[in-house]
Amino acid sequence: MELSQNSIEQLSALLSEPALKVVVLSHTNPDGDAVGSSLAWAEALRSRGHQTTCIVPNKFPYYLDWMTGIRDIVIYRNEAERAAKAVAEADVIFCLDFHTLSRLDALGDVIAANTVARRVLIDHHLDPSQDFDIIFSHPESSSTCFLVYSIIEALWGAQSVTATQAEVLYVGMMTDTGNFSFSHLTPELYRSLAVLSATGIDIPQIYNNVYNSFTEGRARLFGYTINRKMKFLRKGTVAHMSLTEAEMRRFWFQQGDSEGFVNYPLTVKKMRMSAIFIEHTDFIRVSLRSRGKVDVNLFAARYFEGGGHKNAAGGKSYVSMEETIARFEAAVEEYANEGLI
Ligand code: 5GP
Ligand code: MN
């Protein structure tokens, strides 16, 4: 991954202004990469004399609660006034791990209302909005955490990375790559991991904190979903699953409990695409994963008002569960007939 020298120089000039008021923002349903990159970047800026506020639209999943600094993140849904005040007063707004303000839901309007702050995008999704003063858009980066690491290294050197930063950066690199098993696993990524490891972080402990800290309800919900709700299409090359609110209540669902379910059908040989539909109050959240050439970013954009990456994307559906599934199955046929599956 090659960072633009021009963008680094612009960012360096911006950050040379003393004591900036900075807002660091990430997306709705923040994941390990969103939270990890925000916390690391905010800490790096704070240690250089800037005042930072991290904001996310809604709460992060409980298995990230242990992360250093996470309690200081302002959750817009819980503290809208505090978030709006920080945004109104900001000199600079950093947008991390998302590519358009629509990924912020209602918080997007608050950001749009601030026309004074300079805006910087640091992201790895496809098709970024161009409405920023400085853009670091790298779809070839496996995580935003790796991107933040690379920017810190370019600005201040690898030796500047603290153990606190290393720990939260590792979380995002690990979660966005499925514990280093997805695409974009480059030599540079492994070099950055060597730097993080040299700070003394406890990598097995980080893994346990994130992946071995779920509830009993989550384990049972997973078994139920795979056993009862997983349906195969097109000779076992496409799978879908669904969860209604009533089903989730039965297993004491907490936000984050369905994280990773969508990956499981891809453990079956020949599977090329997997989807899960999760019922929310106002819509159904669609999560998509694929293998190889099957492009779920395009699929999500075309059929579910969404987007993401080529092999991991998401979107929304505003019709019933039955209708969502019927639409998905029809879309799969259409996509396959075009030779895209
Ligand atoms: P997940 O399935 O883990 O929620 O999301 C997978 C990927 O798709 C993430 O990179 C996420 O940012 C993206 N994504 C999820 N939902 C949406 C959506 O509604 N719109 C867009 N544009 N991207 C989404
Ligand atoms: Mn990410």
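Everything that follows concerns the structure shown earlier in this document.
Source: prediction; values computed, not measured. (Residues numbered from 1 in each chain as written. Chains lettered and ligands numbered in written order. Predicted model: local features only at pLDDT ≥ 70, side-chain atom pairs only at ≥ 80, totals over all residues. Heavy atoms only, no water.)

Here we take up the sheet that holds strand E10 (residues 284-290). Strand order across the open sheet formed by six strands is E7-E8-E9-E10-E12-E11, with mixed pairing between neighbours. Sheet topology places strand E7 (231-233) and strand E11 (307-308) at the edges, where each strand pairs with a single neighbour. Examined bridge by bridge, E11 and strand E12 (residues 312-317) share two bridges and lie antiparallel to one another. Directly across from Gly 308, in E12, lies its bridge partner Ala 313. Packed on one face of the sheet, helix H9 (residues 216-229) meets E7, strand E8 (238-243) and strand E9 (273-279) and runs near 125° to E8. The strands touched by helix H12 (residues 321-337) within the sheet are E7, E8, E9, E10 and E12, with E8 carrying the most contacts at an inclination of about 170°. (Pairing = 2+ DSSP bridges. Helix = DSSP H or I, 4+ residues; strand = E, 2+ residues; numbered from the N terminus. Contact = heavy atoms within 4.5 Å. Axes fitted to C-alpha atoms, helices over the stretch in contact; angles between N-to-C directions.)

Once that is clear, we can look at the coordination of the manganese ion (ligand 2). For the manganese ion (ligand 2), every protein donor is listed as Asp 33 (OD), Asp 97 (OD), His 124 (NE2) and Asp 176 (OD), and the spread of their distances is 2.2 to 2.4 Å. Mapped onto the polypeptide sequence, the residues donating to the manganese ion (ligand 2) form the spacing pattern D-x63-D-x26-H-x51-D. Of this pair, His 124 sits in the loop between strand E5 (118-123) and strand E6 (134-137) while Asp 176 sits in helix H6 (residues 163-176); the two residues are 52 residues apart in sequence, bridging distant segments of the chain. For the pair formed by His 124 and Asp 176, the shared burial category is buried. (Donors = N, O, S within 2.8 Å, 3.2 Å for Na, K, Ca; no water. Buried < 20%, exposed > 50% of the residue type's maximum accessible area, 1.4 Å probe, protein only.)

What follows deals with unusual backbone geometry. Even without being glycine, Asn 179 reaches a positive phi, approximately 50°. Within the secondary structure, Asn 179 is located in the loop between H6 and helix H7 (187-198). One non-glycine residue, Phe 180, adopts positive backbone phi at about 60°. On the secondary structure map, Phe 180 appears in the loop between H6 and H7.

If you check the shell around ligand 1, you find 14 residues, and the closest are Arg 103, His 125, Ser 287, Arg 289 and His 309. One nitrogen or oxygen atom from the side chain of Ser 287 is found 2.5 Å from an oxygen atom belonging to ligand 1. Within the contact set of ligand 1, a nitrogen atom lies 3.1 Å away from a backbone nitrogen or oxygen of Gly 307. Compared with its free state, where it exposes 490 Å², ligand 1 has 83% of that area covered by protein. (Near = heavy atom within 4 Å. Polar contact = N/O pair within 3.5 Å; in protein donor to acceptor, adjacent residues only side chain to side chain. Areas by Shrake-Rupley, 256 points an atom, 1.4 Å probe, with all protein chains shown as cover.)

This brings us to the pattern of salt bridges. Pairing is possible between side chains of opposite charge, provided their charged atoms come close. What the rule picks out here adds up to 12 salt bridges. Residue Glu 247 pairs with Lys 229 through a salt bridge whose shortest N-O separation is 2.8 Å. Within this pair, whereas Glu 247 is found in helix H10 (residues 245-250), its partner Lys 229 is found in helix H9, the two being separated by 18 residues in sequence. A relative accessible area of 12% means that Glu 247 is categorised as buried. (Salt bridge = Lys/Arg side-chain N within 4 Å of Asp/Glu carboxyl O.)

With respect to the helices and strands, the residue Ser 7 is situated in helix H1 (residues 5-15). Using a relative accessible area of 8% as the deciding quantity, one classes Ser 7 as buried. Ignoring any residue separated from it by four or fewer positions in sequence, one finds Ser 7 in contact with Ile 134, Ile 135 and Phe 136.

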